[in-house]
Amino acid sequence: MIDIKEIRKNPQKFKRACKDKGFAVDIDRLLKMDKALRDLKKLLQDNATYENMLQKEIPALSGKERESKLETLSNLKRDDVEWKKNIKELQPQFDALMLQVPQPADDDVPLGKDDTENVEIRKEGQIRKFDFEPKDHVQLGTDLGIIDIERGVKLAGTRNYLLRGDGALLHWAVLRFAMDFMVGRGYVPLSVPVLVRDEAMVGTGFFPGSEDQTYRMEKDELSFAGTAEVPLTAYRMGEILKGEELPLKYVGLSSCFRREAGAAGKDTYGLYRIHQFDKVEQVVICENSSQESRKYHEEILANSEGVMQALELPYRVANVCTGDLGRGQAKKFDIEAWMPSRDGYCETHSASKLYEFQARRMNLRYKDAATKKNLFCHTLNNTVIASPRVLIPILELYQNADGSVTIPKVLRPYMNGKEKITAGT
RNA sequence: GGAGCGGUGGCCGAGCGGCUUAAGGCGACGGUCUUGAAAACCGUUGUGCCGGAAGGCACCGGGGGUUCGAAUCCCUCCCGCUCCGCCA
């Protein structure tokens, strides 16, 4: 959520943010409602001052004087009722609109309409040239008996799958490696709920807006988080943290659930776009300072690059353009791994910087030591590793001419030292 | 699923119709003392909104009601806890 004062000060900035990011929010209407609400509250406040005065006098009075003051009081209250009614009608509309105002993108974010206009910052690693006809991950996985999509669909419908044998072990190896990597960098590991209250979904900015992408337990009014960003970021919501606690650095492993509504027919092949997967996620909660935010944005990006480099996967980093930014994101780096079967770099990580957008929604503050003020924290998040999506480049890039797959060195300790996945194991 | 209990400031906790801008404690901050620290003692210390300021207004889980007046009484919703039952 944006500070209404900022919107009053510079409506143009937010109108442009709506345009650049592709969100339709009527800023003029918002400001009109703001003005109306403020006027009403001012009237109500002035009346209250009067009423409080009268109320102090009345108990000491009697007879005519008392009667007359009581009447004045009741006249004042008649106006109150009317104004309160108006506020009650306006306020929820205003609040709903406030939740929709997007965060303006940073100045160094490229202008663009969608992910095709993201700007490559750099490439790392070499794309492998095959001297044989390579298989895609589905073919490899099926031949090796480690991926079973057909029966996944039988069990749970489209976009579902099973991992088996070394496939399952490889999946967990990747996750465990990523978790250990982050713990090694000082992040606090958390095992978290994935079925969360609306406050957490609204607080992180997924609601309103992404209800269609979310599985929901209607009876219990709980939603399955599509990422551990939700529980990790909302973990401390409503709290006033001590300044010296910051930055908070969390890493969590969770299953992630996404309905992928509206994506029918898109990325239907293989393990790229699926309803359920596992992900190690990192979240940083820091002081209200754009320098700090910038610093940790780079840190969480470097963490994930470290994981990709350890896995020896070629990737590139993109500066995500305005049209591909979420409502709350001021800037985002995507890491895209090379995927031979898709003949391109495809998103495996997404590092977001949100300033106080989420913290304001979830009332997450800290006591600033210098000013003694309660300030909203800044929040950031990034994928550490998401599997099985990352198994696509791993399987495809590490495949051998004989159909076996070499296991990346850093994962071998998590697979009993095994070096290769071969058929029938 | 059954039965109870409770939600008060950064935290704990008293208050149960006007004296509450919420007792008391803890914590934090400042000071005295000390070579330094601890202890002790003294003092300060909620949030948000309106206003140039003086000041005003609101807030004791949310909403509504009773009353001249509500943290305190009533209704309702939300959240939490305890005990019993079932169970990974």
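Residues numbered from 1 in each chain as written. Chains lettered and ligands numbered in written order. Predicted model: local features only at pLDDT ≥ 70, side-chain atom pairs only at ≥ 80, totals over all residues. Heavy atoms only, no water.

Where do I start with helix α3 (residues 27–57) in this structure?
The α-helix advances 3.6 residues per turn, and as a result positions three or four apart in sequence lie on the same side. Compared with the 45 Å implied by 1.5 Å per residue over 31 residues, the 45 Å span of α3 between its first and last C-alpha is a close match. The complete set of buried residues in α3 reads I27, L30, L31, M33, D34, L37, L40, L44, N47, E51 and L54. On its buried side, α3 packs onto α1 (4–9), α2 (11–21) and α4 (63–98). For α3, the capping residue at the N-terminal end is D26, with a side-chain oxygen 3.3 Å from the backbone nitrogen of D28. (Helix = DSSP H or I, 4+ residues; strand = E, 2+ residues; numbered from the N terminus. Expected span 1.5 Å × (residues − 1). Buried < 20%, exposed > 50% of the residue type's maximum accessible area, 1.4 Å probe, protein only. Contact = heavy atoms within 4.5 Å. Polar contact = N/O pair within 3.5 Å; in protein donor to acceptor, adjacent residues only side chain to side chain.)

How should the nonpolar core be read in this particular structure?
In globular proteins that are soluble, nonpolar side chains generally tend to be buried together. In terms of nonpolar packing, the biggest core is built from 61 residues, with L170, I385, I394 and L411 touching the most fellow members. It is helix α7 (residues 166–184) that contributes the most residues to this core, ten residues altogether. Counting residues in each nonpolar core, the second largest holds 23 residues, with A228, L232, A234 and M362 among its members. (Core = buried A, V, L, I, M, F, W, Y, C linked by side-chain atoms within 4.5 Å.)

I keep staring at the protein's contact with RNA strand B and nothing clicks. Help me out?
Around RNA strand B, the surrounding shell holds 17 residues, and the nearest of these are R38, Q45, T49, K77 and R197. Each atom of RNA strand B within 4 Å of the protein was classed as base or backbone; sugar and phosphate made up 86%. The contact in question runs from a sugar or linking oxygen of RNA strand B to an N or O atom on the side chain of K42, over 3.4 Å. Contacts to RNA strand B include K77, whose side-chain N or O atom sits 2.4 Å from a phosphate oxygen. Elements that contribute at least two residues to the surface near RNA strand B include exactly α1, α3 and α4. By residue number, the principal contributor to the surface near RNA strand B is α3, which donates seven residues. (Near = heavy atom within 4 Å.)

Explain the side chain of N47 to me, please; I cannot follow it from the model alone.
Here N47 is to be found in helix α3. In contact with N47, other than residues within four places in its own chain, are L76, D79, D80 and W83.

Explain the environment of L70 here, please?
Mapped onto the elements, L70 comes out in helix α4. Residues L70 and A423, 353 residues apart in the sequence, show an inter-C-alpha distance of 91 Å.

For this particular structure, what's the right way to read the pairing of strand β12 (residues 331–339)?
Within a regular strand, side chains alternate between the sheet's two faces. With respect to burial, β12 is a largely interior element, nine of its nine residues being buried. Side-chain alternation along β12 places K331, F333, I335, A337 and M339 on one buried face and K332, D334, E336 and W338 on a second face that is also buried. As paired elements, strand β11 (residues 315–319) and β12 share five bridges and run antiparallel to each other. Residue pairing in the sheet places V317 in a bridge with I335 of β12. Where β12 lies against strand β13 (residues 344–353), nine bridges are found, and the strand directions are antiparallel. (Pairing = 2+ DSSP bridges.)

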